[in-house]
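For reference, the chains in residue letters:
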Amino acid sequence: MLQKLILIGLSLSLFASAQKSTEAPLLVKPNLPPPNAPLEEKKEEGSAASNASVFNQGLARTMTIAIPAPRGLILDREGRPLAQTKMAYHLALDFTAYKGPVDPKVAVAWAQNKIAQANALLKGDETYSDAKLANYYRHRRWLPRKISQIITESKARSLEGKIPDGLTLLPVYQRYYPEKSLAAHLIGYVGAKTVLPSGPINDGDPLFQSVMGKSGFEQIFDQKLSGEPGLKKMIFDKNADKILDELVKRPRPGGNVVTTLDLDWQRYAEGVLREGCKRGAFVVIDIQSGEVLVMASRPTFDLNEFVPYITTERYKELEEDPAAPLFGRAFQSNYPPASTFKPVVTLAAINSGSIRPEQEFDCPYKIKIGRKWFHNHSVGHQGWVEARRALAKSINPWFYQVGIKTGPQGFMSVARRLGYGSKTGLPLVGEATGNAPTADYIMTKMGRSTTDGDTANLSIGQGFMLASPLQVAQSMAAIGNGNVLMELQLIRQIQDFHGRVMEAPTFKKRNDLNLSPTALKITHEGMRDVVHASYGTGRRGDLGFTTMCGKTGTAQWKDSPEQGLAWFSGFFPYDNPRYAFAVVYEGSPGENVSGGRKAAPMVQRFFSNFRTEIEENLKPAARALIVSEEDGQPIVHENIIPKAIIVEDEEALMNGPEVPVPMPESTEIPADIPKAIPVVPADDPNNKPPLPTVPCEEVIPKAIIVEDEEALINEPEVPIPMPESTEIPTDIPKAIPVVPADDPNNKPPLPTVPGEDAIPKAIIVEDEEALINEPEVLAPMPESTQIPADTPREAPEIVGNR
């Protein structure tokens, strides 16, 4: 697709000289001069024609005209286009075809006739004043003057052969958004960069109107997307006949912006919002990388309405719509986070030691704080409640008491480490900061210090506390991570127009969380019970194929008219979090809402749709296999022993970790393999075998097990030897045979170990990866050869059977 767009964008044959073209392009009608208009002379070194000085002779002109460059692409994470450039056309007046008297009135009458013919051809109703046409004829007659709305490429082709003399097709680049309203608040739109000049032609005047980003990514990355315009030199003689049409510089297309968004996920999330609410937002974040996969807002708008421009009336409609479709709720809103904030209070209370992990608090239906009563969301006495159950049932009185006990700045400090109260740093236009109030803020706002009533409200995510769905999802990603708050990412790459990567942000942390494992464990378990316990408030969010940690929330958002919010946020899976999310449902005035009934089902529906993909992503990384080129099946060398490489590096022998060499299951030792010292029962001093002869070198060469595909292919195969007898060759150091540990009547005498020689120490390792990857180290044995009685006596492992 990218190559196709670039080729289209570089179709400069539409702008080339008629004498160089083998086919009549859509830019000009056959047998008519090209629609490229002359500009003032620009003296450059080159051909004699380009250096001619004829600009002051009648209608002669020398000019250099700019050709705007095609704009680069905005892509999803898989390279699928979210914004692209395509060719489009205008019908234009070609004043160079006018051969009447040089009289503006006559020329204007001729032009009005051509406009009428264009309207008849396109069934349009375009009108232009005589004054504007006369001014254009006087100053800019060498350049085509557009007189129609945008014409598609297919429509333009259908007009070939039907266009009257004096009219021509003017090719332009048009921005196009193939997904229409998808991620509209993020992508943004373009608008005219400048108004086309109407006075005398100057060098560098554009052949047609160029655009610039006005909102979203289009605005933020405008310089990367814009490219560099090309240049065309044209010379007209005194009769206004073109004598030179030369491309001096080709336009250089703009670069591409590759986002982290997943087109399929974004499309489906917007569909879920469309069916699940009238107004709301949905955000999904990859916890491991910090990449934003989904950022959807409802309602939205069609970006193509802004191409090539939007009428004042239509824009006013969008602005005044009560549903505010131009407002990106996912990142521009300031909502009270409600009970989705309660995990923050739990973390802070346990982490600071303000409460014990299992500490219980009496939770009646309502608690009097100061002169006001603060209620639970459901009627009834909850009894004595600890942290997990308080989270699972979202019991307000527990959080009132724990919040006051912890102190507002105690849990607000943790909230700020989780990203509340500050922008995420993503390339967003109009991102909300939210509010994680300090004592100074409350003093400035209210003219008083923070009260227990303020603290109680803050502890359930209301009062002065405000956040966007993006901030709530970010906090859930941090809680799921447990160690750091990652810097969020919306852009994966910036590419040049060839697709070469010019910029690629790196994944990095924003700050450490400094939270205790105990605080995280209790909070995660409580959030797990929100979804999976019989009394949890978020049971409708259960996915079935993984264990989710979630938190519902319901907030009173507006008082007049009364309007509520419903939240569901969290992360999964519980044991190794990968995805974090936040969904907000904006209720209608007077509507009774709750996070468990309105928001949680949308989360369940969304992730269930991608179950197969998610399960695949959650699988541990597969180990590498040697695969046959013929049938694509793994090659298993059952009869090959991994190759041993001798390393004569004393330092490596002294410093490397110890790794045992597995022995075969059979106790019979092959004649061509050195035999190891057996494990002899420590409680039998009378049955010890003689000491084996140790090589005279001070350091025994170390053997490292290498399972290297290339080594296996290039080195001769070494079969597992099956000796006919236990006789040991004379040139191999002798070893003591392995004696069964449970045979009390057949035990050889225990050997005596020389004090000056080091015999390798055997350590039992039940980790196959350690056996393969870690180098062996020969460590000295203790002076005493007595082996502890509790040494494991499992049968040794055979290398060939791994």
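As the structure is a prediction and not an experimental result, all values here were calculated from the model. (Residues numbered from 1 in each chain as written. Predicted model: local features only at pLDDT ≥ 70, side-chain atom pairs only at ≥ 80, totals over all residues. Heavy atoms only, no water.)

Draft legend 1. Geometry of the overall build of the protein chain. If you tally the helices and strands in the protein chain, you get 23 helices and 25 strands. Classification of the 802 residues of the protein chain by burial places 48% in the buried group. Within the protein chain, contacts between residues at least 6 apart in sequence are counted, and of these 74% link residues at least 24 apart. Carbon and sulfur atoms form 50% of the exposed surface of the protein chain, whose accessible area is close to 38,900 Å². (Helix = DSSP H or I, 4+ residues; strand = E, 2+ residues; numbered from the N terminus. Buried < 20%, exposed > 50% of the residue type's maximum accessible area, 1.4 Å probe, protein only. Contact = heavy atoms within 4.5 Å. Areas by Shrake-Rupley, 256 points an atom, 1.4 Å probe, with all protein chains shown as cover.)

Draft legend 2. Focus on the nonpolar core. Ranked by size, the top nonpolar core spans 97 residues in total, and within it Leu186, Met295, Phe341, Trp398, Tyr420 and Leu490 carry the most contacts. With seven residues, helix 17 (residues 469–481) is the largest single contributor of residues to this core. Non-local contacts of Tyr420, meaning those with residues more than four positions away in its chain, are made with Thr340, Phe341, Val344, Ala415, Ala436, Met465, Ala467, Val472 and Ser475. Of all hydrophobic cores here, the second largest spans 39 residues; its members include Ile65, Val108, Ile115 and Ala134. (Core = buried A, V, L, I, M, F, W, Y, C linked by side-chain atoms within 4.5 Å.)

Draft legend 3. Main features of the packing of helix 2 (residues 104–122) against helix 3 (residues 130–140). Remark: helix 2 packs on helix 3, axes separated minimally by 9 Å, with the N-to-C direction vectors making an angle of 115 degrees. The angle between helix 2 and helix 3 places the two elements in the roughly perpendicular class. Seen from above, helix 2 lies across helix 3 with right-handed handedness. When helix 2 is examined against helix 3, the residues Pro104, Ala107, Val108, Ala111, Gln112 and Ile115 are found in contact with a partner set consisting of Asp130, Leu133, Ala134, Tyr137 and Arg138. Residue composition of the contact of helix 2 with helix 3, by class: eight nonpolar, one polar and two charged. (Axes fitted to C-alpha atoms, helices over the stretch in contact; angles between N-to-C directions. Parallel < 35°, antiparallel > 145°, perpendicular 65-115°, else oblique. Left-handed = near helix turned anticlockwise from the far one by under 90°. Nonpolar A, V, L, I, M, F, W, Y, C, P; charged D, E, K, R; others polar.)

Draft legend 4. Focus on the packing of helix 13 (residues 396–406) against helix 16 (residues 452–459). Axis separation between helix 13 and helix 16 bottoms out at 8 Å; the angle between their running directions is 120 degrees. Regarding the angle of helix 13 to helix 16, the classification is oblique. Of the two possible hands of crossing, helix 13 and helix 16 adopt the one that is right-handed. Contacts between helix 13 and helix 16 pair Phe399, Tyr400, Gly403 and Ile404 from the former with Asp452, Thr455, Ala456 and Ser459 from the latter. Residues of the contact of helix 13 with helix 16, tallied by class, amount to four nonpolar, three polar and one charged.

Draft legend 5. Molecular detail of the confidence of the model for the protein chain. Within the protein chain, residue pLDDT values average 80, and 70% of them lie at 70 or more. For residues 688–744, every residue scores under 50 in pLDDT, and the model assigns this stretch 115 contacts once sequence neighbours within four places are set aside. Across residues 746–802, where pLDDT falls below 50, the model places 118 contacts with residues more than four positions away in sequence or in other chains. (pLDDT = per-residue confidence, 0-100.)

Draft legend 6. Structural detail: the side chain of Arg140. Position of Arg140 relative to the elements: it lies in helix 3. At 3.3 Å, the side chain of Arg140 forms a polar contact with the backbone oxygen of Pro197. (Polar contact = N/O pair within 3.5 Å; in protein donor to acceptor, adjacent residues only side chain to side chain.)

Draft legend 7. The pattern of salt bridges, seen in detail. Within the structure shown, the criterion is met by 34 salt bridges. Among the salt bridges present, the one from Asp262 reaches Arg80, with a minimum N-O distance of 3.8 Å. With Asp262 in the loop between strand 10 (256–259) and helix 8 (263–276) and Arg80 in the loop between strand 2 (74–75) and strand 3 (81–93), this pair connects stretches of sequence that are 182 residues apart. Asp262 sits in the buried class, given a relative accessible area of 9%. The partly exposed category is assigned to Arg80, whose relative accessible area is 25%. Residue Glu305 pairs with Arg314 through a salt bridge whose shortest N-O separation is 2.6 Å. A residue is classified by how much of its surface remains accessible, and Glu305, at 27% relative accessible area, is partly exposed. Each of the salt bridges in this network shares a partner with another, and the network as a whole consists of Asp76, Arg80, Glu179, Asp262, Asp264 and Arg267. (Salt bridge = Lys/Arg side-chain N within 4 Å of Asp/Glu carboxyl O.)

Draft legend 8. Looking closely at the sheet that holds strand 21 (residues 549–558). Strand order in this open sheet of five strands is 12-11-23-22-21, and the pairing throughout is antiparallel. For this open sheet the edge positions go to strand 12 (292–298) and strand 21, each flanked by a neighbour on one side alone. Taken pair by pair, the neighbouring strands of this sheet meet at an average axis angle of 10 degrees, ignoring direction. Both strand 21 and strand 22 (residues 563–572) contribute to a ladder of nine bridges, which runs antiparallel. When the sheet's bridge partners are listed, Gly553 is paired in strand 22 with Trp567. Against the sheet, helix 17 touches strand 11 (280–286), strand 12, strand 21, strand 22 and strand 23 (579–586), its axis set at about 150 degrees to strand 23. Against the sheet, helix 18 (residues 517–532) makes contact with strand 21 and strand 22, and its axis sits at roughly 75 degrees relative to strand 21, the strand it touches most. (Pairing = 2+ DSSP bridges.)

Draft legend 9. Region of interest: helix 19 (residues 595–609). In this model, helix 19 (15 residues) spans 21 Å end to end at C-alpha, consistent with the 21 Å of a helix rising 1.5 Å per residue. All of the buried residues in helix 19 are Gly595, Gly596, Ala599, Ala600, Met602, Val603, Phe606 and Phe607. (Expected span 1.5 Å × (residues − 1).)

Draft legend 10. Broad picture of the pairing of strand 1 (residues 61–67). Counting buried positions along strand 1 gives six out of seven residues, so the element sits mostly inside the fold. Looking at chain direction, strand 1 and strand 8 (residues 230–236) are connected through seven bridges and run antiparallel. Note on strand 8: the bridge partner recorded for Ile65 is Lys232.

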